[in-house]
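Given next are the chains, with one letter for each unit.
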Amino acid sequence: MRFDFVLGNGYPHPYPEGLSEEQQEEISGNLAVEDLRLKGVGSVEWRFEMTIQFVDRASYDDAKAATDWEPYDDRALILSVNLKGPEGRGEMPAIIVRDKAYCRWMLTA
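To start, this report covers the structure provided alongside it. A quick note: this is a predicted structure, and the numbers were derived from the prediction, not measured. (Residues numbered from 1 in each chain as written. Predicted model: local features only at pLDDT ≥ 70, side-chain atom pairs only at ≥ 80, totals over all residues. Heavy atoms only, no water.)

### Section: the overall build of the chain
Looking only at helices and strands, the chain features two helices and eight strands. The N-to-C order of helical and strand elements in the chain reads β-α-β-β-α-β-β-β-β-β. Computed over the C-alpha atoms, the radius of gyration of the chain is 15 Å, within 12% of the 13 Å expected from 2.2 N^0.38 for a compact globule of 109 residues. When its C-alpha atoms are laid out on the principal axes, the chain stretches across 45 × 25 × 25 Å. Counting across all 109 residues of the chain, residues that qualify as buried make up 33%. Across the chain, every contact between residues at least 6 apart in sequence was considered, and the portion connecting residues at least 24 apart equals 59%. Entry remark: accessible area of the chain is about 6,800 Å², with carbon and sulfur atoms responsible for 47%. (Helix = DSSP H or I, 4+ residues; strand = E, 2+ residues; numbered from the N terminus. Rg over C-alpha atoms; globule rule 2.2 N^0.38 Å. Buried < 20%, exposed > 50% of the residue type's maximum accessible area, 1.4 Å probe, protein only. Contact = heavy atoms within 4.5 Å. Areas by Shrake-Rupley, 256 points an atom, 1.4 Å probe, with all protein chains shown as cover.)

Written out as C-alpha cells, the structure reads:
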C-alpha cells in the first residue's frame, strides 16, 4: 500500500525571538493545515528515531530533495526524519524541514 505523509501547521524554525504578540498571532493565523505532502510512503516507524520508508526510488528521491533529510538506509529507501523537541504540541517533538518546524503530521491512503 502507498501512503502520503502530510505535514502541516509549519512555523518558522528557529522561531524568531522578540516578536510582538501581534506578530506571533499573524504567524499562528497563517499556519496551513497541509503544507507539504510526501508521496509513495510505504511505512513510518518511530522507535529510537523516526524513519520513513518509500515504495520506490522516485518517491524517495523526491522526498529527500524536498526535505534535505539524511538517508537512514539508501538501499532500502529509508530517510531519517529530522526531529527537534519538545517544540511541537505538548510533549511531541517538531518535524523539521529546512526552515520550518511542523507540529502536525498524518498518513493518508
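Once the structure has been displayed, the description carries forward.
### Comments concerning the pairing of strand β3 (residues 50-54)
The buried fraction of β3 is high, at four of five residues. Pairing geometry for strand β2 (residues 36-46) and β3, over five bridges, is antiparallel. Each bridged residue has a counterpart across the sheet, and for V41 the counterpart in β3 is F54. The turn linking β2 back onto β3 is made up of three residues. Pairing of β3 with strand β5 (residues 78-80) involves three bridges; the strand directions are antiparallel. Across the sheet, residue T51 finds its bridge partner in β5, namely S80. (Pairing = 2+ DSSP bridges.)

### With respect to the pattern of salt bridges
The final tally for this structure, using the stated rule, is eight salt bridges. In this structure, D61 engages R57 in a salt bridge whose closest nitrogen and oxygen atoms are separated by 3.9 Å. Within this pair, D61 and its partner R57 are both found in helix α2 (residues 57-67), separated by four residues, close to a single helical turn. Exposure remark for R57: the relative accessible area of 35% places this residue in the partly exposed category. Several salt bridges share partner residues, and in doing so they unite D4, E34, R37 and K39 into one network. (Salt bridge = Lys/Arg side-chain N within 4 Å of Asp/Glu carboxyl O.)

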